[in-house]
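# Observations on the model geometry
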Amino acid sequence: MNAAVHKTLVMELQTGVTDRFPVLTHLSYDSSDPFAVTLAFSHDGRVLARWRLDRGMLADGLTRPVGTGDVRLRPESRGVERELRMEFLGETHADGSRHHAVVFAWAGTVGDFLCDTFHSVPPGSEETRLDDFLTEVLTGH
């Protein structure tokens, strides 16, 4: 049986150097894909972006900087609260620049979500169905 964990929260999208505006974010985890967490950012009922992150990387990002590619995570302090800073780099434009977004979430809320996923599938006990994966890759489905 596949277990799923979902959480909806408000994160903040950084605009400019210091301005932020709220963005509704849906976090989801499905034990059938035990290494991934999906974040879907939405506004006015429309999905603006969807990212699949490695669950271990997301957990590590709560305590230290991680990521060198299109996704970079690191903890930050904002007053007495801890935040998770998530930087996403998207497709390259014709001029060579890239889509770039920085989103902040309360670290405790993300940590609570991750704890729920760890109760569903403890770290180290993840199983993948390699035959199914290879079939998907080889058939293009």
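It should be noted that the structure appears before, not after, this text.
Cut-off values and rules
Along each chain, residues carry numbers from 1 onward, in the same order as the chain's sequence is written. At least 70 in pLDDT is required for a residue's local features to be given in this predicted model, at least 80 for side-chain atom pairs to be given and counted, and no such filter applies to totals for whole chains, interfaces and linings, which use all residues. As a rule here, side-chain values come from all non-hydrogen atoms in the structure, and water together with hydrogens is ignored. Secondary structure elements are defined from DSSP: runs of H or I of at least 4 residues count as helices, runs of E of at least 2 residues count as strands, and each element is numbered from the N terminus. Residue contacts are counted whenever heavy atoms from the two residues lie within 4.5 Å of one another. Under the pairing criterion, centres of Phe, Tyr and Trp rings, with the six-membered ring standing for Trp, must be within 6.5 Å; the plane angle then separates stacked pairs below 30 degrees from edge-to-face pairs above 60, leaving the rest tilted. Residue burial is assigned from relative accessible area. The probe radius is 1.4 Å, only protein chains are included, and a residue is buried under 20% of its type maximum, exposed over 50%, and partly exposed in between. Strands were regarded as paired on the criterion that DSSP finds at least two bridges between them. Any carboxyl oxygen of Asp or Glu within 4 Å of a side-chain nitrogen of Lys or Arg constitutes a salt bridge here. We define the nonpolar core as a collection of buried residues of types Ala, Val, Leu, Ile, Met, Phe, Trp, Tyr and Cys that are connected through side-chain atoms lying within 4.5 Å of one another. Helix axes use the C-alpha atoms of the stretch in contact, all axes being lines fitted to C-alpha atoms, and the angles between their N-to-C directions lie in the range 0 to 180 degrees. Think of a 1 Å grid over just the protein atoms. A cavity is a set of points where a 1.4 Å probe fits yet cannot get out, a pocket is an open set with protein on both sides within 12 Å along at least five of seven lines, and lining residues have an atom within 4 Å of a point. Grid points are joined across faces, edges and corners, and a volume is the space filled by probe spheres set on the points. Gly is put with the polar residues, along with every residue not named as nonpolar or charged; the nonpolar set is Ala, Val, Leu, Ile, Met, Phe, Trp, Tyr, Cys and Pro, and the charged set is Asp, Glu, Lys and Arg.

Here we come to the environment of L48. Among the secondary structure elements, L48 is positioned in strand β4 (residues 46-54). When the C-alpha atoms of L48 and F104 are compared, they prove to be 16 Å apart, with 56 residues separating the residues in sequence. In this view, L48 contacts V23, F41, S42 and H43; residues no more than four positions away in its chain are not counted.

Next up on the list: the packing of aromatic side chains. Per the counting criterion, the structure on display carries two aromatic pairs. Arranged with centres 5.8 Å apart and planes meeting at 70 degrees, the rings of F41 and F88 form a pair that is edge-to-face. With a gap of 47 residues between them, F41 in strand β3 (residues 36-43) and F88 in strand β6 (residues 81-92) connect regions that are remote in the sequence. This pair shows no difference in class: F41 is buried, exactly as F88 is.

Once that is clear, we can look at the pairing of strand β5 (residues 71-78). In terms of strand pairing, β5 meets β6 through eight bridges, oriented antiparallel. What sits directly across from E76, in β6, is E83. Linking β5 back to β6 in an antiparallel pair, the connection comprises two residues, with G79 at a positive phi of about 70 degrees.

Quick look at the pattern of salt bridges now. Counted according to the given criterion, the structure contains ten salt bridges. Of the charged contacts, one joins E76 and R85 as a salt bridge, the two residues approaching to 3.5 Å between their closest N and O atoms. Judged by relative accessible area, which is 21%, E76 ranks as partly exposed. The residue R85 makes a salt bridge to E87 at a minimum N-O spacing of 3.3 Å.

So, about the nonpolar core. One recurring pattern in soluble globular proteins: nonpolar side chains tend to sit buried together. Membership of the largest hydrophobic core comes to 26 residues, with the highest contact counts inside it found for M11, L39, L58 and M86. If we skip the residues at most four places from it in the chain, M86 touches M11, L39, R72, L73, A101, V102, V103 and A105.

Where the residue is not glycine, phi is negative for most of them; where a peptide bond is considered, it is trans in most cases. You will see that D44, though not glycine, has its phi angle at about 50 degrees, which is positive. Mapped onto the fold, D44 is located in the loop between β3 and β4.

The seven strands lie next to each other as β4-β3-β2-β1-β7-β6-β5, forming an open sheet whose pairing is antiparallel. Looking at the sheet topology across the chains shown, the edges are occupied by β4 and β5. Strand-to-strand twist in this sheet, taken as the mean axis angle between neighbours without regard to direction, amounts to 30 degrees. The pairing of β3 with β4 spans eight bridges and is antiparallel. Paired with H43 across the two strands is R46, which belongs to β4.

This next bit is on the layout of surface pockets. Computed from the structure, the second largest pocket encloses a volume of approximately 270 Å³. Along its surface, the second largest pocket is lined by 14 residues, and L13, A49, W51, F88 and A101 are the ones closest to its centre. When contributions to the lining of the second largest pocket are tallied by element, the ones reaching two or more residues are β4, β6 and β7 (98-106). Partitioned by chemical class, the residues of the lining of the second largest pocket number ten nonpolar, three polar and one charged.

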